Amino acid sequence: MKLIENSRFRAVRRRAVAVLGAVALLAGFAVSTASVAQAASGTGQITGYQGLCLDDRSASTAEYNPIQVYTCNGTGAQQWTVGSNSTLQVLGMCLDVAAAGTANGTLVDLYTCNGTGAQVWQPQSNGELVNPNSGKCLDDSGYGGSGTQVQIWACADSSNQQWTLPNGSSGGGTGGFVVSQAQFDQMFPNRNSFYTYSGLVTALSSYPSFATTGGTAVEQQEAAAFLANVDHETGGLVYINEIDQSGNYCAAESYGCPAGTYAYYGRGPLQISWNFNYEAAGNALGVDLLDNPNLVSTNAAISWETALWYWFTGTGNGSLTSHQAMVTSAGFGDTIRAINDIECNGGNTAEMQDRVNDYQSFTSILGVSPGGNLTC
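To start, this report covers the structure provided alongside it. Bear in mind the structure is a predicted one, so any value in this text is a computation, not a measurement. Position numbers for residues start from 1 in each chain and track the written sequence from start to end. This being a predicted model, a pLDDT of at least 70 is required before a residue's local features are given, and a value of 80 or more before pairs of side-chain atoms are given or counted; all residues contribute to the totals for chains, interfaces and linings. Working from all heavy atoms in the structure, the side-chain values ignore hydrogens and water.

Turning next to the pairing of strand β2 (residues 53–56). Burial along β2 is two-sided: Cys 53 and Asp 55 and Leu 54 and Asp 56, pointing in opposite directions, are all buried. For two strands to be treated as a pair, DSSP must find at least two bridges joining them. A run of H or I in DSSP becomes a helix once it reaches four residues, and a run of E becomes a strand once it reaches two; helices and strands are each numbered from the N terminus. The sheet contact formed by β2 and strand β3 (residues 67–70) spans 4 bridges and is antiparallel. The residue of β3 that forms the bridge with Asp 56 is Ile 67. Burial classes follow relative accessibility: with a 1.4 Å probe on protein chains only, a residue under 20% of its type's maximum area counts as buried, one over 50% as exposed, and anything between as partly exposed.

Our focus in this paragraph is unusual backbone geometry. Both trends apply: most residues other than glycine have a negative phi, and most peptide bonds are in trans. With phi around 65°, Ser 58 is a residue other than glycine that occupies positive phi space. With respect to the helices, strands and loops of the structure, Ser 58 is situated in the loop between β2 and β3. Taking the relative accessible area as the measure of exposure, Ser 58 reaches 68% and is therefore exposed. The backbone of Ser 329 shows a phi angle near 65°, a positive value even though the residue is not glycine.

What follows concerns the state of the cysteines. Our working definition of a disulfide is a cysteine sulfur pair at a distance within 2.5 Å. Per the counting criterion, the structure on display carries 5 disulfides. Each sulfur in the disulfide pair Cys 53 and Cys 72 lies 2.1 Å from the other. Handedness of the Cys 53-Cys 72 disulfide follows from its S-S torsion of about 100°: it is right-handed. In this pair, Cys 53 is assigned in strand β2 and Cys 72 in the loop between β3 and β4 (80–82), connecting sequence segments 19 residues apart. Overall, the relative accessible area of 23% leaves Cys 72 in the partly exposed class.

Glancing now at the sheet that holds β3. Read across the open sheet, the 3 strands follow the order β2-β3-β11; overall the sheet is antiparallel. Strands with a single pairing partner mark the edges of an open sheet, and in this sheet they are β2 and β11 (148–149).

Any helix carries an expected span of 1.5 Å times its number of residues minus one. With 19 residues, helix α3 (residues 216–234) ought to run about 27 Å at 1.5 Å a step, and its terminal C-alpha atoms sit 27 Å apart, in line with that. Judged by how many residues are buried, α3 sits mostly within the fold: 17 of 19 residues are covered.

If you want it as structure tokens, here you go:
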């Protein structure tokens, strides 16, 4: 059964670059053992603000060579290895605070690995990389953009200090989610404050196989596919409730519509509608959504959970759930068929293409190929 009807409101979006203010400085920062995330491992890109990659400028191995943020390109200059001694290594050299400095604005460069405190970087659960020697964080200098040399700065829990390490977990998303807070903010620069990143991460505990199946690339693709459909349904995470609430989404079921005939309009990240969807989602999540549909628009974690519930259960007129489509390489097109099959087979090509565009944008932010079979 379909989640979304053809009459569903579609918002027109225009992507914009958020204008960000100056970073607020927090004095007296200290690293506590409780805030340190488990050390990551592996080799790959380190991504930060605006999806830019940590980059060894010109792929040089010279000491003091600048380390910058740069458009992700898959070259060796962006292949970082997370060492067991909390170092970050590229081309056999280490990420180093110049002259072991401790002042705000001290530049970060390349240097021969030597085991000193200037080369230690501890990932935090909020995505920060702390240099304990200085007590400061790796910082994309004032949101400087591609080509800007990175520095250390007082930790401020800001998006220009949040990084995703090669394994997509520590130093990036909370709880191992392959999308970091900084990447989430980049995807949804104008989002409603109701749709919190923490609410999404909390909801993930109910669906532990979401974006954790099939290896890093598949995990990133699934996360991007889910969030792309969410972006389309909510106008960029702006709308919580369907704009036109006059529709009668009360199907003839034995349990009826106790909240009212017109109470089951679209809500949440995938705009869940109809009394039978509220009944089924509530049963799955252990929440009475049939009697209390407004929980989907007032509780961020429940709201995200309803979207994940449909991701794992809804097939529309197809044979695959959205989760199955992404982990079996059936492709993004089958997620569209599962969520709103009316758009497929020429039904509404423009709406279908908008979802595809969102997906390609989000996979670019995560630095992963979108794969094939994008349309339906």
